[in-house]
Amino acid sequence: MPIHEESLIRPENLRKHDELNIDDVDVSGHWSTFIESRAVSDYNEQLEQEVAAFPGGAFIHRCWQCGACTNSCTVNAINPDFNPRYWIYLVRLGMEQELLRDKDIIWQCVSCHKCTHVCPRDVEPEGVMKALSHWLEAKGHTPKSQSQHFDEEFYQQVLETGKIEEGRIVRNFFNRTGQPLQQPWLIRMVKNMIRGLPILLLTRMGLATLFRPKTKDWSKSKASIEELIEMKESARKQILEGNKSS
Amino acid sequence: MSDSTHLRDDLDTVAYYPGCALEGSGHAYNRSTKRLARKLGLKLVEIDNWNCCGAMEVKNIDPDIQNYLSVRNMSIAKHKMGLDVVMAPCNGCYHNLKKAEHDVTHREDTRETLKKMAEKTGQPEYKSGDVETIHALDWIKHAIGEKNITGKVKKSLAGLKIANYYGCMYTRPRHIFPEKDQGEGSESTSKPHFMDDLLRAAGAEIVDFPLKTACCGGAHTLSDCDTSTQLVLNILQAAEACGADVIATECPTCHSGLEMHQVRAQETLNIKTQPVMLYFTQLLGLAFGISPRQLGIHENISQSMGLLRQKGLV
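Residues numbered from 1 in each chain as written. Chains lettered and ligands numbered in written order. Predicted model: local features only at pLDDT ≥ 70, side-chain atom pairs only at ≥ 80, totals over all residues. Heavy atoms only, no water.

**Let's talk about helix α4 (residues 84–93) of chain A**
Residues and elements named next belong to chain A.
Logical step 1: For α4, every residue scored as buried is listed here: Pro84, Trp87, Ile88, Leu90 and Val91. Looking straight down α4, one finds its buried side chains confined to an arc of 160°; they lie on one side.
Logical step 2: Buried residues in α4 make contact with α1 (47–52), α2 (68–72), α5 (96–100) and α7 (125–138).
Logical step 3: Just past α4, the residue glycine 94 takes up positive phi, approximately 85°. (Buried < 20%, exposed > 50% of the residue type's maximum accessible area, 1.4 Å probe, protein only. Helix = DSSP H or I, 4+ residues; strand = E, 2+ residues; numbered from the N terminus. Arc of directions from axis to C-beta. Contact = heavy atoms within 4.5 Å.)

**Remarks on the sheet that holds strand β1 (residues 13–16) of chain B**
Residue and element names in this part refer to chain B.
Logical step 1: Spatially, four strands are ordered β2-β1-β3-β4 in an open sheet, and the strand pairing comes out parallel. Strands at the two margins of the open sheet, each flanked by one partner only, are β2 (43–46) and β4 (132–135). Between one strand axis and the next, the sheet turns through 40° on average, direction left out of account.
Logical step 2: The sheet contact formed by β1 and β2 spans four bridges and is parallel. If you follow valine 14 over to β2, its bridge partner there is leucine 44.
Logical step 3: Sheet contacts for helix α6 (residues 136–143): β1, β2, β3 (85–88) and β4; angle to β4, the most-contacted strand, approximately 90°. (Pairing = 2+ DSSP bridges. Axes fitted to C-alpha atoms, helices over the stretch in contact; angles between N-to-C directions.)

**Considering the pairing of β3(B)**
Residues and elements named next belong to chain B.
Logical step 1: Because side chains alternate across β3, one face comprises the buried residues Val85 and Met87, and the other comprises Val86 and Ala88, equally buried.
Logical step 2: Pairing analysis gives two bridges linking β1 to β3, with the strands arranged parallel. Bridging from a neighbouring strand, alanine 15 pairs with valine 86 of β3.

Function cannot be inferred from these measures alone, as they are strictly geometric.
Listed below in structure tokens is the structure:
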């Protein structure tokens, strides 16, 4: 079959011939472009189970592919390759290699919850996006995303003291990700901010960087949170390793 | 579900959950909220020894840890302080408390996990319906109401064109807000209007703003700056096109996101936008005759004093 809508087919799946003769019929020129025939065989049958084991992914099995998530998606409006419906589809089919084509943008979900708001099956697609990016990192397909660094820094502070201090988060996040704090727009913003602040408040904020805000008697909560995380992580590890050995 | 959709009547004294942002970048929101409460004769009792709600981050480590953080606060309000309404001015805190309430009500596994954690930490178990979480908008709307606001106005906001920006977490996803979309008098998740109602009652001209619930990219405000700048620019430019002088906000993350990326758009893309950002509590406070300093207007990054002077509000 000749291809009229070439732009819909990936270039590596197209086969073109300058001159072609089939059954004594000359089909050179416009009629000589074909789709490479292929069969997918490299399925990861456990893919859905693996993704579901990460925080936010538990309800991926509910999806019936209506596409409301992608249709409502904030990031899709900026980048049409950002396609939650399609990724959920690939995960459920076990098409890991196909999914990996988009591995570098999945973490960019901004958690606006428009998808979860409109999803008629309560899949929580926003959670699935987070689960997917964690899965990509856990399997070594991508390095830790900027977002993951931020989440970890935030979680660490909550775990340690029960509260966060924004200045510390910003500094530690920039440190973790190797970005300079001295960015022109940040400097300008801080200048704008400091200009208006009363001395008393400035002093208080300065002190907060030295004496971190804390929730009192937090140690039991901390222990309890750590215990739960450990339990869930080991369950997740079992699923990932079990699948590797099988 | 009828009782969970009911807003409790007595809002004169509520448990106040400021959250981490209001002690940091959102201090002006904290200050103006408290000042407004004093002016209106409403009592805010800060939740004793509260902890962070986990914002947009901890749920990505584990959703039940996030729920634990929320119910610990709600449980203190109920069992230690004897208060059954928790008011949270920050969309993130408000959202997370609502989400925890939803999960405790509807998910057996969450209930079990939280019960065990409560036992281990020696806290009373949080039960569905123990407290009702409301936003600062619900609080002013139901405790005071538009009619009373109009009666208390000393300096009308007339002449100020305002676009109201509600962000994501105040209305989405709909199923964690059972009291919304209940017809007459209730808040709408598709076209929220509580802030419009309150500021209009104070005399402001509310412009028709289509991006009320668009996303500012707050969750990735530092980790994906370019995306956030673009999303914020959409909001700023739409507000400008609608003729707004001011974007009124009701969330510290949205507010500082808009302020930061307005500066960043100008620095990195050389795109300048006019609207200034003010918390709705600051705007109401101005209308009630509270001084800008007491409302923390100088503390905003976005410089609005010039505009307010020009409009005769200070």
